Amino acid sequence: MSAMRSVFAQLVLVIALVLAGAATLALLLGREFAARPANTQLLRGIEGMAVAVEALARDGRRAHALARLREAGIELREDAPPPARTRPLAVMRRFESRARGVLGAERELRLGAGDDGHVLWLRLDLQPPVWVALVHDRPGTGLRQYSALLLGGCVLLVWAAAAWVARRLVQPLRRLASAAPALVRGEHVVPAIGPAPAEVVGLARALGEANREVREAADERRVMLAGISHDLRTPLTRLQYALALVPGTDPALQAGMYRDIAEIDAILSQFIAYARDGRDERVELVDLAQVCRHALAAADGDWTIDLPDSASIQGRPMALLRAVENLVANAQRHGAPPRSLSLVREGDGWRVEVTDGGPGIEQAQAQRVQRPFVHGDRGGAGLGLAIVARVAHQHRGELRLLPGSPTGLRAQLWLRGA
């Protein structure tokens, strides 16, 4: 997920835009309804003070008037003040522009440097001219510092608000997202989303209802397939006994019929195994090496075995045994010698690898044959590899089908624990 697609980033952007819009509107309204009348009133007061001082000076009491201003703590100077060390703000430039219209051409209002910071100077209409300090802007207390502090406060406010809202929205969604795969698969999971918006609660309720429907459908499928297995295996057993009792049967024909019955029985077993899927089996500590030994116990032919003494993993014992048995049976049915089974540690999990020297499969078909009821060119019910892939998924792993060297198939079952 990119930065600008996250909920937090979008909330920061929205809140920042709202605050920026509100600040712009407040600035425009303040300038229109507060600053402009206040500036006009201030300029009128400055004009009145200038007129009074200039009148006293023209009556011959110039020295007396200037002395009284100094006694009041007002800074005076006869030479032009040095310019300000920083560029005036836009509001100050507008104030100077308005001052020229109110005070007249004989007087001048200028922002310059003073003894203790920036000073707004007024040049009186006197000869020689006199500059009067009106407003002092001391370092650290000016508008720029105030604006910087205000901007920093707004940024912190935006981040805090966005973090609070995003956490309240995202945390329940993350919990729901982590539980969603199990809910969709039909596992009995109750997501603890905690306090959440109504929309998230509604989504959790809908997923819970879908989970219930999936579990009910799975239960019905298991019952149906169990019934089919029972109903079909009974006549198959009768056929097997009847075939053994029929006299004078061709041995080749009889052996072929036995193989057909065994294949039908194996297909029924795969149907049942796929329907049961192992989710109802308890997770416990399993020795994967012992599981591999049990899977090879009924295998035919010579196998090269490379197993550790033990390999502990949290898993479902019967599901793991069924998965390894299917890989072994697949190598025996469709592969050719040499055959091997190995178990090695890979990172935080284990890798079970079954190899054979048969024809293998095309790499383009490697993912397709892992889907249910996909036979490809290999025959069978099309469920063996699908069962293995599902068991791998239940144990946070995957099934990889790779070409052998120089021929054959390498079936790798990666497991990290249920």
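The rules behind the values
- Residues numbered from 1 in each chain as written.
- Predicted model: local features only at pLDDT ≥ 70, side-chain atom pairs only at ≥ 80, totals over all residues.
- Heavy atoms only, no water.
- UniProt positions renumbered as here; feature names shortened; annotations may be inferred.
- Helix = DSSP H or I, 4+ residues; strand = E, 2+ residues; numbered from the N terminus.
- Buried < 20%, exposed > 50% of the residue type's maximum accessible area, 1.4 Å probe, protein only.
- Contact = heavy atoms within 4.5 Å.
- Areas by Shrake-Rupley, 256 points an atom, 1.4 Å probe, with all protein chains shown as cover.
- Phe/Tyr/Trp six-rings, centres within 6.5 Å; stacked < 30°, edge-to-face > 60°.
- Lys NZ or Arg CZ within 6 Å of the ring centre and 35° of its normal.
- Pairing = 2+ DSSP bridges.
- Core = buried A, V, L, I, M, F, W, Y, C linked by side-chain atoms within 4.5 Å.
- 1 Å grid on protein atoms, 1.4 Å probe; cavity = no way out; pocket = protein on both sides within 12 Å on 5 of 7 lines; lining within 4 Å.
- Points joined across faces, edges and corners; volume = space filled by probe spheres on them.
- Nonpolar A, V, L, I, M, F, W, Y, C, P; charged D, E, K, R; others polar.
- Axes fitted to C-alpha atoms, helices over the stretch in contact; angles between N-to-C directions.

The protein goes by histidine kinase in an unreviewed UniProt entry, where it is assigned to Luteimonas rhizosphaericola. Note on the protein: under the UniProt heading Catalytic activity (unreviewed entry), the record states "ATP + protein L-histidine = ADP + protein N-phospho-L-histidine."

Asks: What should I look at first to understand the overall build of the protein in this one?
Replies: When its secondary structure is counted, the protein shows 8 helices and 11 strands. A burial count over the protein gives 35% of its 418 residues as buried. Taking the intrachain contacts of the protein between residues at least 6 apart in sequence as the baseline, contacts between residues at least 24 apart amount to 63%. Counting every atom, the protein has about 24700 Å² of accessible surface; 60% of that belongs to carbon and sulfur.

Asks: It is not clear to me how the packing of aromatic side chains should be interpreted in this structure. Could you clarify?
Replies: Each aromatic ring pair is described using two quantities: the centre-to-centre distance and the angle formed by the ring planes. Going through the model one piece at a time under the given rule, you end up with 0 aromatic pairs. The lysine or arginine in question, R400, covers the ring of W414, its NZ or CZ lying 4.3 Å from the ring centre.

Asks: Explain the pairing of strand β9 (residues 349-356) to me, please; I cannot follow it from the model alone.
Replies: Look at any regular strand and the pattern is simple: side chains alternate between the two faces of the sheet. A large share of β9 lies buried, amounting to 8 of its 8 residues. Going residue by residue along β9, you find G349, R351, E353 and T355 tucked away on one face and W350, V352, V354 and D356 tucked away on the opposite face as well. Pairing of strand β8 (residues 339-346) with β9 involves 7 bridges; the strand directions are antiparallel. Counterpart to R345 in the pairing with β9 is W350.

Asks: Would you take a moment to explain the nonpolar core for this structure?
Replies: Residues L288, L341, L343 and L413 are the most contacted members of the largest nonpolar core, which totals 40 residues. Here this core gets 8 residues from one element, more than from any other, and that element is helix α7 (residues 317-334). In contact with L288, other than residues within four places in its own chain, are A311, I313, L320, L343, W350, V352 and L415. The next biggest cluster of nonpolar side chains, apart from the first, holds 15 residues, and it includes A57, L66, L120 and L122.

Asks: Sorry if this is basic, but what is going on with empty space enclosed by the protein here?
Replies: One way to see where empty space is left: roll a probe the size of a water molecule over the atoms. Summed over all chains, the structure comprises 1 cavity of 30 Å³ or more. The computed volume of the largest cavity comes to approximately 40 Å³. If you trace the largest cavity, you find it lined by L327, N330, A331, V354, D356, L409 and A411. Counting only elements with at least two residues in the lining of the largest cavity, the list comes to α7, β9 and β11 (409-415). The element contributing the most residues to the lining of the largest cavity is α7, with 3 residues. Taken together, the residues that form the lining of the largest cavity break down as 5 nonpolar, 1 polar and 1 charged.

Asks: Any chance you could explain the environment of V53 here in plain terms?
Replies: Checked against the element boundaries, V53 lands in helix α1 (residues 7-71). What makes V53 buried here is its relative accessible area of 7%. Not counting residues up to four positions away in its chain, the partners in contact with V53 are L69 and L124.

Asks: When you look at the sheet that holds strand β10 (residues 398-403) in this model, what are you seeing that I'm missing?
Replies: Strand pairing within a sheet occurs via backbone hydrogen bonds; the two strands may be parallel or antiparallel. Pairing within the open sheet is mixed, and its 5 strands lie in the order β6-β8-β9-β11-β10. In the strand order of this sheet, the two ends are held by β6 (303-306) and β10, each with one partner. Here the average twist between neighbouring strands, direction ignored, is 15°. Of the strand pairs in this sheet, β10 and β11 are connected by 6 bridges, and their pairing is antiparallel. The residue of β11 that forms the bridge with L401 is A411. The strands that helix α6 (residues 288-297) touches are β6, β8, β9 and β11; relative to β8, the one it contacts most, it runs at about 170°. In the packing of α7 onto the sheet, contacts are made with β6, β8, β9, β10 and β11, and the angle to β11 comes to roughly 175°.

Asks: Help me out: how do you make sense of unusual backbone geometry in this one?
Replies: Residue P337 is joined to P338 through a cis peptide bond whose omega torsion reads 0°. Locating P338 in the fold gives a position in the loop between α7 and β8. Positive phi values are uncommon outside glycine, yet R396 reaches one of about 55°. Inspection of the secondary structure assignment puts R396 in the loop between α8 (384-394) and β10.

Asks: Explain the pairing of β11 to me, please; I cannot follow it from the model alone.
Replies: Most of β11 is tucked away, with 6 of its 7 residues classed as buried. Relative to β11, β9 runs antiparallel, the two sharing 7 bridges. Each bridged residue has a counterpart across the sheet, and for R351 the counterpart in β11 is W414. Joining the antiparallel neighbours β10 and β11 is a turn of 5 residues, in which G408 adopts a positive phi near 100°.

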